Amino acid sequence: MSDKKYTTTSGIQIKELYTSSKPMDEKPGEFPFTRGIQKDMYRGRLWTMRQYAGFSTAEESNKRYHYLLSQGTTGLSVAFDLPTQIGYDSDHEMADGEVGKVGVAIDSLKDIEILFEGIELKNITTSMTINATASILLAMYIALAKKQGADLKQISGTIQNDILKEYAARGTYIYPPKQSMRLITDIFEFCSKEVPKWNTISISGYHIREAGSTAVQELAFTMANGKAYLKSAIAKGLDINIFAKRLSFFFNCHNNFFEEIAKFRAARRVWAQITKELGATDEKAMMLRFHTQTGGSTLTAQQPLNNIIRVTNQAMAAVLGGTQSLHTNGYDEALSLPTEAAAKIALRTQQIIGFESGVTDTVDPLAGSFFIESLTDEVELAAWTYIDKIDAMGGSVNAIESDYMQQEIASAAYQYQTEIEDGSRVSVGVNKFTQQEEGVTEVFNIDDSIRRLQTEKLNQLKNQRNNVAVKQKLDALESAARMDVNLMPLIIDAVEAYATLGEIADVFRNTFGEY
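In this text the structure is predicted, and so the values were computed from the model without any measurement.

Now for the nonpolar core. Grouped together as the largest cluster of nonpolar side chains are 139 residues, with contacts concentrated most on Met223, Ile491, Ile504 and Phe508. When residues in this core are grouped by element, the largest group, eleven residues, is from helix α4 (residues 134–147). When sequence neighbours within four positions are dropped, the list of residues in contact with Met223 reads Phe249, Phe251, Ala267, Val270, Trp271, Ile274, Leu288 and Ile387.

Following this line, the structure appears as structure tokens:
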């Protein structure tokens, strides 16, 4: 018998053989939802097949959206460029070299109108990966929906709006944590009344994992952050049985097939317990609904076509784990934004799993597997150990401000990279099965002229809009920011007057300060 020890990426030891598990009395669609949040899962409807897209100008991204919709995408997922994410207009000196590079440049409502031209917002769901400026982008989306004549009570989608993981793992924050949490709870309150089908936050483990965490850390830190949002909203007087129904999650899916499935099953169980302990009595408020994206950091620049197999493996794990929505990465994304061909292969991967593989024919098909049930329990237990430690620190905000989460993630990332370097962790095409010469893969390039084009559009906008009205709206917003009132209606007023994203973000910089 070999003395070699096998472990998951989180260090959970894997036994040679699993021969027993606890009885499975639990049914899908019932608390604590280990087996899924719907009784019939994918027999009722498949997950939403999203493709994360956004680059260059609103005009160019609009063309990609129409292409993806024509190919069978059932929901849009918007990527914003870095200046948009951190509250700078394209003509700001800090935006130089970044406009349109990792997402679409959005400076005003005019850009949002172009981005969704020919697309009825009432007919699609839209996910927007935006955090520090989430209130402004949501206001623009709502303003466009109103212009299209859509019923705000019926439009649906998600804003990421998860600022805690930005402090812990990603970095696109602007304001101090307390003021950022205020904007988030203002969104919760406003949407629960005015846009009730909108998912007001997508609590993200994805970027925690991309920063180098283990699967258990991703789960635990995401749940701890979710708990902090719940407590913040409850402190504002909001009803957990109402606002918790509009919270969703965003997870990563990596290469360790069974650990990822166990992670998703454990996540539903942990969240159900957290919401119950904080006073939820409505089962719909205890359900963890989540979007999954395959692991960007698992993609390799070497032998990029291998990434198609990695993405397929990860997508299958997400489906077997019960995801509600899925994005599959393009095989070329270690090199550039995905080409149209790579985006199509990524979408076809989901469609083949959904319509050809048969894994959707029954609910939670791996339930009762000795290994899966045991691993689900172990992942859950390891996550609770972290959550309890964070609770003892006073919660996520304190854990982040004391650098605890950041250090844990950095340590895990270092360990992972060390294993790649010394060969103890195999990465096909990188440290094993390598080849000397590789064919050149076509890459997607963004023209540096985008900033000039966006600046010209901004100048034109400022010449055509009513600048007196814009100043009045911005002044009213600044006054409100110094008082205890909900800011969302005033942000919507400002964007409808064509105040720019940077102008609105600067109002908050002046009143809240920068972190």
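Back to the write-up after that little detour.
Let us look at the pairing of strand β10 (residues 290–294). In terms of residue burial, β10 counts as a mostly covered element, since five of its five residues are buried. The pairing of β10 with strand β11 (residues 325–327) spans three bridges and is parallel. Its bridge partner lying in β11, His291 is registered against Ser325. Chirality of the crossover, the property in question, places the unit of β10, helix α12 (residues 306–320) and β11 among those that are right-handed.

Our focus in this paragraph is the pattern of salt bridges. A complete count under the given rule lists 29 salt bridges for this structure. With a shortest N-O distance of 2.7 Å, Glu419 and Arg425 are connected by a salt bridge. Note that Arg509 is salt-bridged to Asp506, the shortest N-O span being 3.0 Å. One end of the pair is Arg509 and the other is Asp506, both in helix α20 (residues 501–512) and three residues apart, which spans about a single turn. What you see here is one network of salt bridges that share partners, running through Arg35, Arg265, Asp364 and Glu373.

For α4, which comprises 14 residues, the first-to-last C-alpha distance of 20 Å matches the rise-based estimate of 20 Å (1.5 Å per residue) to within 8%. Of all 14 residues in α4, twelve are buried, a share of seventy percent or more. Every buried residue of α4 is accounted for by Ala134, Ser135, Ile136, Leu137, Leu138, Ala139, Met140, Tyr141, Ile142, Ala143, Leu144 and Ala145. Downstream of α4 by a residue or two, Gly149 has a phi angle that is positive, lying close to 80°.

Within this structure, the stated rule accounts for 23 aromatic pairs. Taken together, a centroid distance of 6.3 Å and an interplanar angle of 25° make the contact between Tyr65 and Phe116 stacked. Here Phe116 lies in the loop between α3 (109–115) and β5 (125–129) and Tyr65 lies in helix α1 (residues 58–70), a separation of 51 residues in the sequence. By relative accessible area, which is 1% here, Phe116 ends up buried. In this arrangement the basic side chain of Lys276 is found over the ring face of Phe31, its NZ or CZ atom lying 4.7 Å from the centre. Just above the ring of Tyr88 sits the side chain of Arg509; from NZ or CZ to the centre is 4.4 Å.

This brings us to the packing of helix α8 (residues 215–235) against helix α16 (residues 404–422). The geometry of α8 relative to α16 is characterised by a closest axis approach of 11 Å and an angle of 165° between their N-to-C directions. Classed by the angle they form, the pair α8 and α16 counts as roughly antiparallel. For the pair α8 and α16, the crossing hand works out as left-handed. Side by side, α8 and α16 meet where Gln217, Phe221, Ala224 and Asn225 of the first sit next to Tyr404, Met405, Glu408, Ile409 and Ala412 of the second. The residue inventory of the contact of α8 with α16, partitioned by class, reads six nonpolar, two polar and one charged.

Within the secondary structure, Thr328 is located in the loop between β11 and α13 (340–356). A relative accessible area of 0% means that Thr328 is categorised as buried. Of the polar contacts made by the side chain of Thr328, one reaches the backbone oxygen of Ala346; its length is 2.6 Å. Of note is the side chain of Thr328, whose polar atom sits 3.2 Å from the side chain of Gln350.

The next point concerns the pairing of strand β6 (residues 156–159). Every second residue of β6 is oriented toward a common face, with Ser156 and Thr158 on one face and Gly157 and Ile159 on the other, all of them buried. Here four bridges tie β5 to β6, and the two strands are oriented parallel to one another. Residue pairing in the sheet places Met128 in a bridge with Ile159 of β6. Read as a crossover between parallel neighbours, the route from β5 over α4 to β6 is right-handed. Pairing between β6 and strand β7 (residues 198–199): two bridges, direction parallel.

Taken together, the side chains of Val426, Val428 and Phe433 define a hydrophobic patch exposed on the protein surface, amounting to about 280 Å² of accessible area. Here Val426 lies in the loop between α16 and α17 (450–464). We classify Val426 as partly exposed; its relative accessible area is 46%.

Cut-offs used in this document
- Residues numbered from 1 in each chain as written.
- Predicted model: local features only at pLDDT ≥ 70, side-chain atom pairs only at ≥ 80, totals over all residues.
- Heavy atoms only, no water.
- Core = buried A, V, L, I, M, F, W, Y, C linked by side-chain atoms within 4.5 Å.
- Buried < 20%, exposed > 50% of the residue type's maximum accessible area, 1.4 Å probe, protein only.
- Helix = DSSP H or I, 4+ residues; strand = E, 2+ residues; numbered from the N terminus.
- Contact = heavy atoms within 4.5 Å.
- Pairing = 2+ DSSP bridges.
- Right-handed = clockwise from strand over helix to strand, strands pointing away.
- Salt bridge = Lys/Arg side-chain N within 4 Å of Asp/Glu carboxyl O.
- Expected span 1.5 Å × (residues − 1).
- Phe/Tyr/Trp six-rings, centres within 6.5 Å; stacked < 30°, edge-to-face > 60°.
- Lys NZ or Arg CZ within 6 Å of the ring centre and 35° of its normal.
- Axes fitted to C-alpha atoms, helices over the stretch in contact; angles between N-to-C directions.
- Parallel < 35°, antiparallel > 145°, perpendicular 65-115°, else oblique.
- Left-handed = near helix turned anticlockwise from the far one by under 90°.
- Nonpolar A, V, L, I, M, F, W, Y, C, P; charged D, E, K, R; others polar.
- Polar contact = N/O pair within 3.5 Å; in protein donor to acceptor, adjacent residues only side chain to side chain.
- Patch = residues over 30% accessible without salt bridge, like charges linked within 9 Å, V, L, I, M, F, W, Y side chains within 5 Å.
- Areas by Shrake-Rupley, 256 points an atom, 1.4 Å probe, with all protein chains shown as cover.

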